[in-house]
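# Coordinates in review
What follows is the residue order along each chain.
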Amino acid sequence: MKLELNQVSYQYKKENKKILENFSLSMGDTERVGLIAPSGYGKTTLCKLIAGYLTPDSGEILLDGRRVSSYKGYCPIQMIWQQPELAVNPRLRMREVILEGDEVEPRILEALGIEKAWMDRFPTELSGGELQRFCLARALGKRTRFLLADEISTMLDLITQSQIWNFLLKEVKQRQIGVIAVSHNQALLEKVCTRQVRLDYAIK
Amino acid sequence: MRKENQADIVNTSEEGPILKIEHLNISFRQYESGTHQTQLDVIRDLDVEVRAGEMVAVVGSSGSGKSLLAHAVLGILPYNAVQGGRIFYRGSELTRERIERLRGNEIVMVPQSLSYLDPLVKIGKQIKRGRKDKKTADKLRGIFKRYDLNEEVEELYPFELSGGMNRRILISTALIEEPRLVIADEPTPGLDLRVAKRAMGHFRELADMGAGVLVITHDLELALETADRVVVFYAGCTIEEAYRSDFEKEENLRHPYTKALWRALPQHGFQFIEGTQPYVKEMPEGCPFSPRCDMCTPQCKGEVPYREMRKGRVRCLYAK
Amino acid sequence: MRDKNLRQRVLIGLIVGAAILLAICVGGLFCAEAAKTSDFTRKNLPPCLTYPFGTDWLGRDMLARTLRGISLSILLGIFAAAVSACIALLLGIAAATLGRTADAVITFVIDLLLGIPHILLLILISVALGKGFAGVAWGVALTHWPSLARLIRAEVMQLKESPYIQIARKLGKTNWYVARKHMLPHLLPQFLTGLVLLFPHAILHEASVTFLGFGLSSEQPAIGIILSESMKYLVTGKWWLALFPGAALVMVVVLFYAAGENVRKLTDPASVHE
C-alpha cells in the first residue's frame, strides 16, 4: 500500500499563520519515516491531517489513490497520541478500551506485556506507560495499514520506551505496516526509522 | 516581601542543605467500589537534599506521582492526601504555617503549564504583582535582559507572545522574588529539544546565582544536560542518587534499575528489560524492583535501606 | 455519622429522605377523604392531641389537608422535574450535535427563556392550558429546563472534542456507540443532579402560582390554596392554619435540595474522595 500527500496546506481558522504549506510526501508500507521539526512547526497537525482528524485546506492525502477522508468506518491509518491519559475514556474499563480496536489479537497484548489483571482496571489505576501499551494495542487492529506515532514515548521512562519501540518494529515489519514517527529525540528516530523528513524546510 | 528572621532558623550554617526531605510518604484516600474506601500509597519513601547553588533533578516516569513531591513541599496537596516523613528548610522543619509564609517569596514553584499566566493581565504587571516601586522595575529590567526579552514585552498580554517567551515569563515571575529555593515541576512538557535545553539552562542559571533548584522531570537525558545530581524515582521510592558524571559509564551507576535505564538509551544499545513498574496496590514486599531484577535474592523481600555509596546513595542490597 | 465516609453519609441521607417523602405520599393517599370532610362541631380548633395541626373554619383536619397538599405537590414536582430534565437532555444534546443552525436556535430559546422571569411565563402557560393540575404541571415543566440544557450542551460540546471520542470515530464506531459508551456515562451524574435539584424549584413554583390563583383550583387541597385561604384568618390569630403547611413545604424543599447537593458532592472532583 502507498500513502501519498500532494501539496497539502493547512491553517487554523483563528490564526493567520499557515501551519503547513504545499507539503508533499510519498511512502510505502515497508517504510518508517521520521518527522523532524522544531516545536510549533505542525508535526502533530500533520499527523492529525494524515489520520483524517482534520481535513487539509488544499491538496490531497491518498491511500492507494483513494482519499483518506472518503473512508467510512474503520480508518486504515491510525494515530497514537502523545498523552495516553487523554486517549482513553476515564470511565471505561481497559477491557472495553481494547474492544474498541479492530479484533486486536491476544498475541499483541501479550507481546506488549499487558497483564490479565489490568483488563479489569480503570485508566486512572494504570501508569502512563501501561496506558500507552493499551493505546498501541488498540491501534494495531486487523485493518490497520499505517501507524502514526506522535511522540508516543516522550512521557515514558526509557525502559518502557525501548520495550514499546522494540515490539513495534517487529510487529510492523511482520505485518507490513508503514510508520510515521514524530519525536524530538534524534537518536531514537535514527534507531527506528528507515528515513527522515525535515518539516521546517517544507515551509518557506 | 518578607524574609525570615534569622532567629527562626536553628541551623544557618552555609554547609547545610536548603531543602532536606526525609522518608517522605504520601497516600491518598479513595473509593474502591460502593462505599468502601482505601489508602493508596503513592509515594512510599522519598529522600532528597538540595544545597544552595545546586540543581537537583528527580527523575521518574510520568504518572508515578513525582509531581506530588512539589505539592508536598509547597503544602498544596489535595484534600484527600495524607503526608508523612519530614521536610526541612534551611535546617528547621517546614511546618504548615512556615510554608504559607515562605511560599511565593523565598520558595517558589515554576508550574508545568502556561495556563498559570493570567490572560487578562499585562506581562509586566503580572510579574511585578502590582508593585510599582523603582527597585522592582529595575530588577525586572535586569531579568528581562538576562532572558533576552524586550522591554516592550511588559506592555503585552500573554497571548501576544510565543510559547517559549511565555515560559521565560513564568520563570521571571519566580525570579522577581529572589528565591532561595526554586521548584520546577515538569518544566519542559512537549517542547522540542532545543527549547527544552534552553529552559533547563535558565534553571541552571538560577542555581549558579545561588538558589537551590529542584527540577522534577520524566526526561533523564534532559536532566543529565544541566543538573548537578540526579535522583531516580521508581515505584514510589527514591532508589538512587548519582552525580551527573556517573552517567558517563554504566559501571559508575549503582542501582540495577538505573543501569537498565542507561542501557535503554537509543545511543547505548536501546536494550530493555521485561516487566513494568508495579502498580500502587500490588507493590512487592521490600525492594520494588525485585520482580524485574536478576540479582534478586530472598533477602530483597525484607527491608532495603537507602545507603550511602561512592558519594551518592542507593537502595539496593547488592549494589557495588 | 462522624466516622462514616461521604458516600455512606449520602446513602443514609438519601434513604431517610426518601422514606420521609414516601411516608408523606402514602399518608396523603389515605387522607383524601379526611381532607375534604368538614365538621362544624370542631371548627377553628388550635393544635391539640387529636388534631396536631388544628382544624380550619370548616372544621377540616389540617394535618390531613397538609399531607394531601404536600403529596400533591411532590407528585406534580416529580412529573414537572422529570419532563423538564428530559427536555433539557434532548435539547442540550441536539444543540451540541445537530450542527450550527440547531445550536443557534436552541441557544436563542434558552437565552430567551432565561431572560423572562420564571413565574411570569409559568402563569401564562398555566392559564393558557386552562389552569388546574395539567396547566401547572406543564407550566412548570416547560419553564425549568433552560439552565440544565445549557449545562448539558456545554458538556457534550467539550466531550465531542475529547481525543478518546475522536479516536473512537476513527476506529469506526457508530454515533450510537459513542453516545452510549462515551457520552452517557459522563452526562448521567450531571443529569441526575440537575433532576433532583429541579424538584424544589418545581414544588415552590407550583405553590406560588397556586397561591396567586393561577394554578390548581380551590377544591383541591394544594399547599398554595391552603396558604392563600389561611391569609384571611391569620389576622384573627389562627396562626396554625399557615404555619404547619408552610413549614411542611419548606421541609420538603430543603430535603430535596439537600439530596441534590449530596449527589453533586459525590460527583464533584473537588470532593469525590471525601
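Computed from a predicted structure; not experimentally measured.

All names here are of chain C. A cluster of nonpolar side chains, Val127, Phe211, Leu212, Phe214, Met231, Leu234, Trp239 and Leu243, forms an exposed patch at the surface whose accessible area comes to about 710 Å². Inspection of the secondary structure puts Leu234 in helix α10 (residues 223-234). Assessed through its relative accessible area of 33%, Leu234 is described here as partly exposed.

Moving on: the UniProt feature "domain: ABC transmembrane type-1" (unreviewed entry) in chain C. Under the present numbering, the feature "domain: ABC transmembrane type-1" (unreviewed entry) in UniProt falls on residues 70-260 of chain C. Taken end to end, residues 70-260 of chain C comprises 84% helix and 0% strand; its first and last C-alpha atoms sit 19 Å apart.

Another aspect to go through is the pairing of strand β8 (residues 212-217) of chain B. Residue and element names in this part refer to chain B. Judged by how many residues are buried, β8 sits mostly within the fold: six of six residues are covered. Every second residue of β8 is oriented toward a common face, with Gly212, Leu214 and Ile216 on one face and Val213, Val215 and Thr217 on the other, all of them buried. Judged from the five bridges that link them, strand β3 (residues 55-59) and β8 form a sheet pairing that is parallel. Within the sheet, the bridge partner assigned to Val58 lies in β8 and is Ile216. As paired elements, strand β7 (residues 181-185) and β8 share five bridges and run parallel to each other. Across the sheet, residue Asp185 finds its bridge partner in β8, namely Ile216.

Residue and element names in this part refer to chain A. Mapped onto the elements of the fold, Thr30 is located in the loop between β2 (18-28) and β3 (32-36). A relative accessible area of 53% places Thr30 in the exposed class. Considered as a pair, Thr30 and Ile98 are 68 residues apart in the sequence and their alpha carbons are 26 Å apart.

Moving on, we get to the sheet that holds strand β7 (residues 146-150) of chain A. Residues and elements named next belong to chain A. Read from one edge of the open sheet, five strands run β6-β7-β8-β3-β9, paired in parallel fashion. Every other strand in the sheet has two partners, leaving β6 (77-80) and β9 (195-198) as the edge strands with one partner each. The average undirected angle you get between the axes of adjacent strands in this sheet is 20°. Examined bridge by bridge, β6 and β7 share four bridges and lie parallel to one another. The partner of Ile80 across the bridge, within β7, is Ala149. Where helix α5 (residues 128-139) meets the sheet, its contacts fall on β6 and β7, and the angle it forms with β6 comes to roughly 175°.

If you look at the biggest cluster of nonpolar residues, it comprises 77 residues, and the most contacted ones within it are Leu3(A), Leu5(A), Ile77(A) and Trp165(A). If near-sequence neighbours (up to four positions away) are discounted, Trp165(A) is found in contact with Ala149(A), Ile152(A), Ser153(A), Ala181(A), Leu188(A), Val192(A) and Phe270(B). Judged by nonpolar contacts, the second largest core, of 64 residues, contains Trp57(C), Leu113(C), Ile226(C) and Leu249(C).

Turning our attention to the sheet that holds strand β5 (residues 66-67) of chain A. All names here are of chain A. Within the open sheet, the four strands sit side by side as β2-β1-β4-β5. Their pairing is antiparallel. At either margin of the open sheet sits one strand with a lone partner, and together these are β2 and β5. As paired elements, strand β4 (residues 58-63) and β5 share two bridges and run antiparallel to each other. What sits directly across from Leu63, in β5, is Arg66.

Glancing now at the confidence of the model for chain C. Should the pLDDT be low somewhere, the predicted coordinates at that spot are not to be read in detail. Residue and element names in this part refer to chain C. On average, residues of chain C carry a pLDDT of 85, and 98% of them reach 70 or more. Mean pLDDT values for the elements of chain C range from 78 in helix α2 (residues 32-36) up to 92 in helix α8 (residues 163-170). Of the two predicted TM-score estimates for the complex, the pTM is 0.78 and the ipTM is 0.90.

With that settled, consider the packing of aromatic side chains. Within the structure shown, the criterion is met by 12 aromatic pairs over all chains. Measuring from centroid to centroid gives 5.5 Å for Tyr257(B) and Phe289(B), while their planes differ by 65°, and the two rings are edge-to-face. Here Tyr257(B), found in helix α8 (residues 256-264), pairs with Phe289(B), found in the loop between α8 and β11 (307-309); they are 32 residues apart in sequence, far enough to count as distant. When its relative accessible area of 2% is taken as the criterion, Tyr257(B) is described as buried. Grouped by ring-pair contacts, the aromatic residues Phe53(C), Trp239(C), Trp240(C) and Phe244(C) constitute a single cluster.

On to the side chain of Arg254(B), then. Residues and elements named next belong to chain B. Tracing the chain through its elements places Arg254 in the loop between β10 (237-243) and α8. Here Arg254 falls in the buried class, since its relative accessible area comes to 2%. Separated by 3.0 Å, the side chains of Arg254 and Asp246 make a polar contact. Within the local environment of Arg254, its side chain forms a polar contact with the backbone oxygen of Met309, the two atoms lying 3.0 Å apart. If we ignore the near neighbours within four places in the chain, the residues touching Arg254 are Glu240, Glu241, Ala242, Asp246, Lys259, Met309, Arg310, Gly312, Arg313, Val314 and Ala319.

Across the contact, nine residues belong to chain B and 11 residues belong to chain C. Taken together, the connections running from chain B to chain C amount to one residue pair in polar contact (both at pLDDT 80 or more). Counting residues per element, the side of chain B that touches chain C draws most heavily on strand β1 (residues 19-31) of chain B, at three residues.

Parameters at a glance
- Residues numbered from 1 in each chain as written.
- Chains lettered and ligands numbered in written order.
- Predicted model: local features only at pLDDT ≥ 70, side-chain atom pairs only at ≥ 80, totals over all residues.
- Heavy atoms only, no water.
- Patch = residues over 30% accessible without salt bridge, like charges linked within 9 Å, V, L, I, M, F, W, Y side chains within 5 Å.
- Areas by Shrake-Rupley, 256 points an atom, 1.4 Å probe, with all protein chains shown as cover.
- Salt bridge = Lys/Arg side-chain N within 4 Å of Asp/Glu carboxyl O.
- Helix = DSSP H or I, 4+ residues; strand = E, 2+ residues; numbered from the N terminus.
- Buried < 20%, exposed > 50% of the residue type's maximum accessible area, 1.4 Å probe, protein only.
- UniProt positions renumbered as here; feature names shortened; annotations may be inferred.
- Pairing = 2+ DSSP bridges.
- Axes fitted to C-alpha atoms, helices over the stretch in contact; angles between N-to-C directions.
- Contact = heavy atoms within 4.5 Å.
- Core = buried A, V, L, I, M, F, W, Y, C linked by side-chain atoms within 4.5 Å.
- pLDDT = per-residue confidence, 0-100.
- Phe/Tyr/Trp six-rings, centres within 6.5 Å; stacked < 30°, edge-to-face > 60°.
- Polar contact = N/O pair within 3.5 Å; in protein donor to acceptor, adjacent residues only side chain to side chain.

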